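Each chain is listed here by its residues.
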Amino acid sequence: MFSLKGKTALVTGASYGIGFAIAKGMAEAGANIVFNDINEELVNKGLAAYKECGIEARGFVCDVTDETAVSKMVEEIGHIDILVNNAGIIKRIPMHEMSAEDFRKVVDIDLNAPFMMAKAVIPSMIKKGGGKIINICSMTSELGRETVSAYAAAKGGLKMLTKNIASEYGEYNIQCNGIGPGYIATPQTAPLREKQADGSRHPFDSFIIAKTPAARWGTPEDLVGPAVFLASSASDFVNGHILYVDGGILAYIGKQPK
Ligand code: NAP
Ligand code: GCO
């Protein structure tokens, strides 16, 4: 029931990071992988990385905020059984210092784009008798923190978009669920883990370790099993659920500082 054999999975922003790990895991479960990224250099880097893992992926240059480009890419791919809305950015700026343009850019990529991607693939999923949509949400779909107002607003919206797609298209055997990663060691969080000048841990690194029962940062590989589960027939009666893969952060008040 966890096999993805014969399925076509499109993972957005998957040249590296979480998207790459999820796509690689889905390929190992039998899926045919298609991915996009924002420029040719990244797509070529991704193609080479997939090839190194023995995966013949198809790559597209497509900015997920450009609806015309999204429609063209989806048309070129043909039927998509599994869509993973992974592409995303964050801008860490105190809200009162953040420009409206920066706020809009984050919401455009992290919320508007998953809407446009899902809108593009759903008609074919309905025709084919079903499909799987997985939106990559966040701890900030539930919790806020300083400097991430746009990102939290977008990821909170993405949680509700996930529930609404589940509600509107469940009758067509389309399941739409979210994955809410905890703090994962990728380029996106690298600034939060940088060693200090004196060689000590970044304060945020220590903070996250104290806030996570697993006492570690997650890795992109930690998300593969949950993603394969939500992409497979094993989750055909799971719909509108946000599966938090956070090492227990959301369950834990946090360790008393020493
Ligand atoms: P990442 O390392 O920054 O990778 C994001 C990918 O999305 C990059 O390949 C990026 O390309 C691509 N992308 C950005 N804007 C795009 C656009 N307009 N069109 C197409 N592709 C675009 O991020 P990550 O850590 O792997 O995170 C992946 C997803 O997980 C994001 O949605 C993120 O919000 C979410 N997430 C991450 C964490 C974490 O702790 N890392 C936790 C929870 C959720 P560029 O290289 O050109 O930017
Ligand atoms: C931040 C981090 C987080 C993670 C992730 C947590 O600055 O707080 O980047 O937002 O990326 O979303 O789930």
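Report follows, based on the coordinates. Predicted model only: the values in this text are computed from it and were never measured. (Residues numbered from 1 in each chain as written. Chains lettered and ligands numbered in written order. Predicted model: local features only at pLDDT ≥ 70, side-chain atom pairs only at ≥ 80, totals over all residues. Heavy atoms only, no water.)

For the rest of this paragraph, the subject is unusual backbone geometry. A positive phi angle, near 70 degrees, is found at Thr147, a position not held by glycine. Residue placement: Thr147 occurs in the loop between strand S5 (131–136) and helix H5 (149–169). The class of Thr147 is partly exposed, set by a relative accessible area of 25%. Although it is not a glycine, Asn173 adopts a positive phi angle of roughly 60 degrees. Within the element layout of this structure, Asn173 appears in the loop between H5 and strand S6 (174–181). (Helix = DSSP H or I, 4+ residues; strand = E, 2+ residues; numbered from the N terminus. Buried < 20%, exposed > 50% of the residue type's maximum accessible area, 1.4 Å probe, protein only.)

Structurally, Gly88 is set in the loop between strand S4 (82–85) and helix H4 (100–128). Since its relative accessible area comes to 43%, Gly88 is described here as partly exposed. Expressed as a C-alpha distance, the spacing of Gly88 and Ile109, which sit 21 residues apart in the sequence, is 5.8 Å. Excluding its chain neighbours within four sequence positions, the residues that come into contact with Gly88 are Ile109 and Asp110. (Contact = heavy atoms within 4.5 Å.)

Moving on, we come to the site of ligand 2. If you check the shell around ligand 2, you find 13 residues, and the closest are Arg92, Ser138, Arg145, Tyr151 and Tyr183. Backbone polar atom of Met139 to an oxygen atom of ligand 2: 2.8 Å apart, as the coordinates give it. Between ligand 2 and the protein, one listed contact pairs an oxygen atom with a backbone N or O atom of Pro181 at 2.8 Å. Summarising the interface, the protein chains cover 97% of the accessible area of ligand 2, which totals 330 Å² for the free molecule. Its residues assigned to classes, the shell around ligand 2 shows seven nonpolar, four polar and two charged. (Near = heavy atom within 4 Å. Polar contact = N/O pair within 3.5 Å; in protein donor to acceptor, adjacent residues only side chain to side chain. Areas by Shrake-Rupley, 256 points an atom, 1.4 Å probe, with all protein chains shown as cover. Nonpolar A, V, L, I, M, F, W, Y, C, P; charged D, E, K, R; others polar.)

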